[in-house]
Amino acid sequence: MRVIKVLNNSLIMALDEDGQEVILSGKGIGYKKAIGYELKESEIQKIFVLRDRSVVRDVIRLAAEVGEDYFNLTKSIVSYAVEKYHMKLMDHIYLALTDHLAFTEKRLRDHVVIENFYTADLRRFNPEEYDVARYGAKLFQERFGMELPEGEIGNIAFHFINAQQNGQFEERNREIDEVVGQILNIIRYGLKISSLEEGIAYSRLLTHLRLFVSRLLRGQMTDEDQEDVLRQRILEMCPEEYECVGRIGRFIEAKYGTQITKQEELYLTIHLHQLMTEKRKEIQK
């Protein structure tokens, strides 16, 4: 296999014998490797064939933004799910879970925990996905020296529920995709963005929307929180994004007869603000 891009010391992109782009991992595999270098079989630990081009593109961006530890952790957790439970997972699990783990580690260091109010249900109704998440929590603690709260373990389990290609979650995943697509159309219209499908901010927004709609369909959105100065300040700083969230809220209420909570409004506003910030930087370039 021939190197075409070095992502970090343990992750590279290469062309296989059939001319297909693959992502390879191995300890030190990217160290001092030049484009065109022919890799030895002993240097390769794992091969990832990602068929979704947008996922490949965003993995490259994410690898440059976060440390390699997070991607390596994701690979270990996904391998456990596939080998123990034979889960068939969509490619986006590598992107979504890597980003989630990096964000979780940062939040825990800042003593910020996002509660998950359906962890007990996950343990009962999704024991395989919950076991995978528990395994991930064990690896997370070994690597970063921090114990994941039960709510965070539930959040990891949700990634594996949403990423499965078939089985009992297929019908719900179709509905999730449909509603997420409708919300993205509201965002395109509300924020006057013609093209969304690029960038880390979009990938994070997409991941958040899938989890948001999953919570919505289960009737388990994040609880209302008391008004605080920080929340009010964020909403005042992002009037355009908050107005768009209001449109999303009206769509949800019309479709499901449910009002989204203030906490959900806050999370959506922050993601839209990050998206707008990234788009403005692209325009300036």
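Note: the structure precedes this text.
Rules behind the numbers
Residues numbered from 1 in each chain as written. Predicted model: local features only at pLDDT ≥ 70, side-chain atom pairs only at ≥ 80, totals over all residues. Heavy atoms only, no water. Pairing = 2+ DSSP bridges. Helix = DSSP H or I, 4+ residues; strand = E, 2+ residues; numbered from the N terminus. Axes fitted to C-alpha atoms, helices over the stretch in contact; angles between N-to-C directions. Contact = heavy atoms within 4.5 Å. Buried < 20%, exposed > 50% of the residue type's maximum accessible area, 1.4 Å probe, protein only. Core = buried A, V, L, I, M, F, W, Y, C linked by side-chain atoms within 4.5 Å. Expected span 1.5 Å × (residues − 1). Salt bridge = Lys/Arg side-chain N within 4 Å of Asp/Glu carboxyl O.

**What about the sheet that holds strand S4 (residues 46–48)?**
Thought 1: The strand order across the open sheet formed by four strands is S1-S2-S3-S4, and the pairing between neighbours is antiparallel. Sheet topology places strand S1 (2–8) and S4 at the edges, where each strand pairs with a single neighbour. Going from strand to strand, the sheet's axes swing by 30° on average, the running direction of each strand aside.
Thought 2: Looking at chain direction, strand S3 (residues 21–25) and S4 are connected through three bridges and run antiparallel. For serine 25, the partnering residue across the bridge sits in S4 and is lysine 46.
Thought 3: Sheet contacts for helix H2 (residues 68–85): S1, strand S2 (11–15), S3 and S4; angle to S4, the most-contacted strand, approximately 90°.

**Notes on the pairing of S3**
Thought 1: Of all the five residues making up S3, four are buried; the element is thus mostly covered by neighbouring parts of the structure.
Thought 2: Sheet analysis places S2 next to S3, joined by five bridges and oriented antiparallel. Bridge pairing in S3 links leucine 11 to serine 25.
Thought 3: Connecting S2 to the next strand, S3, in antiparallel fashion are five residues, including glycine 19 with a positive phi near 80°.

**Considering the nonpolar core**
Nonpolar side chains tend to gather and get buried jointly when the protein is soluble and globular.
Thought 1: In terms of nonpolar packing, the biggest core is built from 43 residues, with Ile77, Leu89, Ile93, Leu101, Phe140 and Phe160 touching the most fellow members.
Thought 2: Discounting residues that sit within four places of it in the chain, leucine 101 has contacts with Tyr70, Leu73, Thr74, Ile77, Phe140 and Ile156.
Thought 3: Ile186, Ile187, Leu205 and Leu216 belong to the second-largest nonpolar core, a separate cluster that totals 27 residues.

**A word on helix H6 (residues 150–162)**
Counting along an α-helix, one turn takes 3.6 residues, and residues three or four places apart therefore face a common direction.
Thought 1: Its 13 residues place the ends of H6 19 Å apart at the C-alpha level, agreeing with the 18 Å of an ideal helix rising 1.5 Å per residue.
Thought 2: Of all the 13 residues making up H6, 12 are buried; the element is thus mostly covered by neighbouring parts of the structure.
Thought 3: Within H6, the full set of buried residues consists of Gly151, Glu152, Ile153, Gly154, Asn155, Ile156, Ala157, Phe158, His159, Phe160, Ile161 and Asn162.

**A closer look at the environment of aspartate 18**
Thought 1: Relative to the helices and strands, aspartate 18 resides in the loop between S2 and S3.
Thought 2: For the pair aspartate 18 and methionine 1, spaced 17 residues apart in the sequence, the C-alpha separation amounts to 9.6 Å.

**Here we look at unusual backbone geometry**
A negative phi angle characterises most non-glycine residues, just as the trans form characterises most peptide bonds.
Thought 1: Residue lysine 32 is not a glycine yet carries a positive backbone phi of 55°.
Thought 2: Note that lysine 32 resides in the loop between S3 and S4.
Thought 3: Its identity is not glycine, yet histidine 86 carries a phi of approximately 55°, on the positive side.
Thought 4: As for its position among the elements, histidine 86 is in the loop between H2 and helix H3 (92–109).
Thought 5: Assessed through its relative accessible area of 61%, histidine 86 is described here as exposed.

**Quick notes on the side chain of histidine 271**
Thought 1: When you line up the elements, histidine 271 lands in helix H11 (residues 262–284).
Thought 2: The class for histidine 271 is buried, based on a relative accessible area of 16%.
Thought 3: Apart from the residues lying within four places of it in its own chain, the contact partners of histidine 271 are Arg204, Leu205 and His208.

**Observations concerning the pattern of salt bridges**
Thought 1: Counted by the stated rule, this structure contains 13 salt bridges.
Thought 2: A salt bridge links lysine 33 to glutamate 43, with the shortest nitrogen-to-oxygen separation between them at 3.3 Å. One end of the pair, lysine 33, is in the loop between S3 and S4; the other, glutamate 43, is in the loop between S3 and S4, and 10 residues separate them in sequence. With respect to class, lysine 33 is no different from glutamate 43; both count as buried.

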